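Spelled out, the chains give:
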Amino acid sequence: MLASHPENVATLLVVGGLAMLLLRHLMVWRLDGSRSHLPWVLISASGIAFGVLRIAHLSTDSPDHGLALSRGLYAVPMFLMPLGVAAVETLTERPRSRTAFRLGVVTALLALATVATPWFVVGPPQLRHDAFGHRFWVGRAGPGLIALALVIAWTGRHLYRAVRALPVELRGMRRWLRLPVLTFMALGAHDTLLAAGLRSIHLFEYGFLVFAAVATQFETLRGAAVRAGLTERLEAKRVALEAKEASLDRARAELAVTHQRLVRADRMAALGTLAAGTAHEINNPLTFIAGNAELLGDALAGLAPRLPPDATAEAQAMLRDIGAGTERIKGVVQQLLALAKDDQAAAAPVDVRGLVDVSLAMAGHHLKHRAQVVRDFDEVPPVFASAARLGQVFLNLIVNAAQAIPAGAADANQVRVAIRAAAERVVVEIVDTGVGMPPDVLARIFDPFFTTKDAGHGTGLGLSISQGIVEELGGTIDVASTPGHGTTVRVELPACAAPVVDAPGPAPAPAPRPPRTVLVVDDEALVGRAVARLIGGAHIEVAASGRDALARGPLRRFDVIVCDLMMPEMTGIELYRRAIAEAPALASRFVFLTGGVFTDEARAFVDEPGRRCLTKPVERAELLAAIEAAAAA
C-alpha cells in the first residue's frame, strides 16, 4: 500500500529532504560552536518523525492503530511551538528565556496527554477518505483542544516579541520567520478539516519544507552578515595596522634622528675634549712666547735711548708682529675653549654681537673667496643661552650662506649680517646673494637628513639641530629664498634683562711695590721661566711639579704661590688642598694659571668665590696685579 499511495511517496521525499537538512545543521553546529543549532536540529527531527507517522497512518488498515497514529500526528506538531520560540531566540544571540522553558514544559505535557488520553482525540475511530480515495482512520476532536488554542495564542505573543528583538543585520528575516508560522497554522487548519471530512489530501508535512527554505535563507543571511562583519572588522584591523605601521615608521625615523644626534653629540663631546686639550697645549707655549716677547719689547725700549736713532725700530716692529700673531692665536684658542665648554655651565647672558663676530671669524676661510661680509649691528640687549650652542647656530647659518655663493666672485657677492632689537626680542638676519632655493627645497630644509649637498659633504642635520637649539631658547628661525636672488635667514631670540659682564681689560701698570717672595709652579719649564721673568725680582723660585713645590719646605714662607691648575701626577688643586691643610692662611696666597678648564672638578674649583684664576697666555700687568692682590689679602 506504501508504494501505491502518492501521498506516501511525496511524504517520503519530504522525510529525505528533512534528513539532509538535519545533517546540514549538525555539520554547521560542529563548525560553528559559538552558536547553538539545537532548536533547528529538533525541528528537523520533529518533521522527520511527523512524516514517518504520516506514512504509517496512511498505510495502516487497523482502526485502533489509525486512531493512535492520528493522536501522534496531533502531538508531534505541538513541539513546534517551544522549538520555534527557541529558534528565534537563538537568532537574537541571547540566553534561553524562562517563557521558552515554560512553554516547552506545557507543550510536552499537552503532547503526552494527546497521545495517552482521549481529551484531545476522542474515539471510537472514524473512517475518512482523501481526494485520492484512500481510507484513513481518525478520532473526533476532544475538549482538550481548547487548551491547545490557548497555548498557541501564548506562543504567538512571545514569538512576536522575539522577532522584534532580532539584531539589526537580521531584521530582513522577519518576513521569512512569519512565513513558516503562517504556513504551519494554515496547513494545520487544513488537515484538521480533512480529518473532519474534507475531501482533500494531507499537507501539514509540507510545512516542514517551508521551514527548510526559511532555515536555508536564514543561514545565507547569517553568513552574509558574518562576512560583512568580518569584512568590516578586517578593514578596521587593516586601518589600525596601517596606523601602527605609520607610527612605527615615525618611531623608526625618530629613532634614527635620535641615533644621529647621539652620534653627533658623541662626536661633539670628543671634539670638545680634543679642543680643550689642544687649547691647553697651545696656551702653554703661547704663554712663554708672549711673555718673552713682551719682556724683549720692554728691554728694547730701554736700550733705544742708548743706540743710534731707529736702530731698534725694525726689531720693535717684529715684536709687534709677534704680538699681533699671538693675539690671533689667543682668539683661536678662546674659540676652541668655547667649543669645549659644557652647555649648561655656559648658559648665561650672551652678547649676540660678540658671538656673531666670533662666528664670522671662524667662518672666514669659507667667506673670503666667495663674498664680502657686511656688518649692520645695532645695540641690542643680551640673550640667555649657551654661548657654545648659540654660536654653533650662527656659525652653521653663516657657513651655509657662504656655500650658497659660488667661489671666485667675492667682489660681486655679499653676506650681510644684521642685528637689531625688536620689542623684547633680538633679531639676527643673515642675507646672502647666492643661488637661492626653489619652493620644494625650501619646504624641506629643516627635515632631518635632508641636504642638497653632494654625498659625503653634508649630514642634513645642521639646520634641524639649529632649529631645535633656537626653539629651546624660546626663539624662532625662518627662511625666505628666491632662486637666483639669494636667501634670508631670520633668527629671533627673547631678550635677557641681565647685563653682560665685560671681560676685564688690561690692568694698569702697578705702583712701586716691595719685593715679594713668589713660588712659580708649572710642569713646563719654559712656561715657568717665562712667568718668573714677567714677575721679575730676586725672590722668585720655580718648581717643576707639585711634589717639587712641597719638597722646598714650608710653603708659608712664600708671599704668593703662582700655580698651574692642571699638571700631571699632582694637580694645582691637590697642591692647594695639601698646602691649606698645613697652613690655612695660604688659601688667599694662591694665584692659578690655566690653559683650559675641562673637568667638572676643575670648573667647580675655579668658580668658587674669591678664587684667583688667570687664563694663559697672561699679560704682565694682569699677572702683577693678581700677585699684589694675593700678597695684600
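Report follows, based on the coordinates. Just so we're clear, the structure is a prediction, and the values are computed from it rather than from any experiment. (Residues numbered from 1 in each chain as written. Predicted model: local features only at pLDDT ≥ 70, side-chain atom pairs only at ≥ 80, totals over all residues. Heavy atoms only, no water.)

## Structural notes on empty space enclosed by the protein
Definition in use: Using a 1 Å grid laid over the protein atoms alone, points where a 1.4 Å probe fits but cannot get out form a cavity; open sets with protein on both sides within 12 Å along at least 5 of 7 lines form a pocket; any residue with an atom within 4 Å of a point counts as lining. Grid points are joined across faces, edges and corners, and a volume is the space filled by probe spheres set on the points. Ten residues, namely Ala, Val, Leu, Ile, Met, Phe, Trp, Tyr, Cys and Pro, are considered nonpolar, four, namely Asp, Glu, Lys and Arg, are considered charged, and the remaining ones, Gly among them, are considered polar.
If you walk through the whole model with that rule in mind, you get 1 cavity of 30 Å³ or more. Roughly 30 Å³ of volume is contained in the largest cavity. Taken together, Val-520, Val-521, Asp-522, Val-527, Gly-528, Val-531, Val-562, Cys-563, Asp-564 and Leu-593 make up the full set of residues lining the largest cavity. A breakdown of the residues in the lining of the largest cavity according to their chemical character gives 7 nonpolar, 1 polar and 2 charged.

## Regarding unusual backbone geometry
For clarity, the cut-off: In DSSP terms, a helix is any run of H or I states spanning at least four residues, a strand is any run of E spanning at least two, and both are numbered starting from the N terminus. Burial classification: accessible surface area is computed with a 1.4 Å probe over protein chains only, and a residue below 20% of its type maximum counts as buried, one above 50% as exposed, and the rest as partly exposed.
Following Gly-123, the chain continues to Pro-124 via a peptide bond in cis, the omega torsion being 0°. Mapping Pro-124 onto the fold places it in strand S1 (residues 121-129). Residues Lys-616 and Pro-617 are joined by a peptide bond in cis, for which omega reads -10°. If you trace the backbone, Pro-617 turns up in the loop between strand S14 (613-615) and helix H20 (620-632). The phi dihedral of Ala-423 is positive, around 60°, even though this residue is not glycine. By the element assignment, Ala-423 lies in the loop between strand S6 (414-422) and strand S7 (425-432). Given a relative accessible area of 85%, Ala-423 falls into the exposed group. Although it is not a glycine, Glu-569 sits at a positive phi angle of roughly 65°. Inspection of the secondary structure puts Glu-569 in the loop between strand S12 (560-564) and helix H18 (572-582). By relative accessible area, which is 66% here, Glu-569 ends up exposed.

## Looking at the environment of Val-618
Spelled out, the test is: The contact rule is simple, with two residues in contact once any of their heavy atoms fall within 4.5 Å.
Note that Val-618 resides in the loop between S14 and H20. Overall, the relative accessible area of 4% leaves Val-618 in the buried class. Distance in space between the C-alpha atoms of Val-618 and Thr-594 is 9.5 Å, their sequence separation being 24 residues. In this view, Val-618 contacts Leu-534, Leu-593 and Leu-623; residues no more than four positions away in its chain are not counted.

## A short note on a nonpolar patch on the surface
The line we're drawing: Put simply, a patch holds well-exposed residues, over 30% relative accessible area, that have no salt bridge, with like charges counted together within 9 Å and Val, Leu, Ile, Met, Phe, Trp or Tyr side chains within 5 Å. For every accessible area listed, the method is Shrake-Rupley and the probe measures 1.4 Å; residues are considered covered only by the protein chains on display. The salt bridge definition used is simple: a Lys or Arg side-chain nitrogen within 4 Å of an Asp or Glu carboxyl oxygen.
Residues Met-20, Leu-23 and Leu-26 make up a contiguous nonpolar surface patch of about 300 Å² in total accessible area. By the element assignment, Leu-23 lies in helix H1 (residues 6-31). For Leu-23, a relative accessible area of 49% gives the class partly exposed.

## With respect to helix H7 (residues 174-195)
For clarity, the cut-off: In this scheme, a helix's expected span is set at 1.5 Å multiplied by one less than its residue total. It is the directions from the helix axis to the C-beta atoms whose arc is reported.
Compared with the 32 Å implied by 1.5 Å per residue over 22 residues, the 32 Å span of H7 between its first and last C-alpha is a close match. Along H7, the positions that sit buried rather than exposed are Leu-177, Pro-180, Thr-183, Phe-184, Leu-187, Gly-188, His-190, Asp-191, Leu-194 and Ala-195. Mapping the buried residues of H7 onto a view down its axis gives an arc of 165°, with all of them on the same face. Turned more than 90 degrees off the buried face of H7, the exposed positions are Arg-175, Leu-182, Met-185 and Leu-193. Just downstream of H7 lies Gly-197, where phi reads positive at about 125°.

## Brief notes about the layout of surface pockets
The rolling of a water-molecule-sized probe over the atoms marks out the regions of remaining empty space. By volume, the second largest pocket amounts to about 1,200 Å³. Elements with a minimum of two residues in the lining of the second largest pocket: helix H2 (38-59), helix H3 (63-78), helix H4 (80-91), strand S2 (135-141), helix H6 (145-164), H7 and helix H8 (207-303). Residue composition of the lining of the second largest pocket, grouped by class: 33 nonpolar, 9 polar and 5 charged.

## Details of the nonpolar core
When a protein is soluble and globular, its nonpolar side chains tend to lie buried together. Inclusion rule: Definition of nonpolar core: a set of buried residues of the types Ala, Val, Leu, Ile, Met, Phe, Trp, Tyr and Cys, connected through side-chain atoms within 4.5 Å.
Within the largest apolar cluster, 46 residues are counted, with the highest numbers of intra-cluster contacts made by Trp-40, Met-78, Phe-120, Leu-177, Phe-204, Phe-208 and Phe-211. Those elements that place two or more of their residues in this core are H1, H2, H3, H4, helix H5 (98-116), H6, H7 and H8. Counting residues per element, this core draws most heavily on H4, at 7 residues. When neighbours within four sequence positions are excluded, Leu-177 is seen to be in contact with Val-88, Leu-91, Val-163, Leu-166 and Val-214. Residues Ala-385, Val-415, Phe-446 and Ile-465 belong to the second largest nonpolar core, which totals 39 residues.

## Notes on the packing of helix H11 (residues 352-362) against helix H13 (residues 387-403)
Stated precisely, the cut-off is as follows: Lines fitted to C-alpha atoms define the axes, with helix axes restricted to the stretch in contact, and inter-axis angles between N-to-C directions lie between 0 and 180 degrees. Roughly parallel means an angle under 35 degrees; roughly antiparallel, over 145; roughly perpendicular, 65 to 115; everything else is oblique. Rotating anticlockwise by less than a right angle from the far helix to the near helix defines a left-handed crossing, while the corresponding clockwise rotation defines a right-handed one.
Where H11 meets H13, the closest approach of the two axes is 9 Å, and the angle between their N-to-C directions is 50°. Considered as vectors, H11 and H13 are oriented oblique to each other. For the pair H11 and H13, the crossing hand works out as right-handed. Of the residues in H13, those in contact with Val-352, Leu-355, Val-356, Ser-359, Leu-360 and Met-362 of H11 are Ala-387, Leu-390, Gly-391, Phe-394, Leu-395 and Ile-398. Along the lines of polarity and charge, the residues of the contact of H11 with H13 split into 10 nonpolar, 2 polar and no charged.

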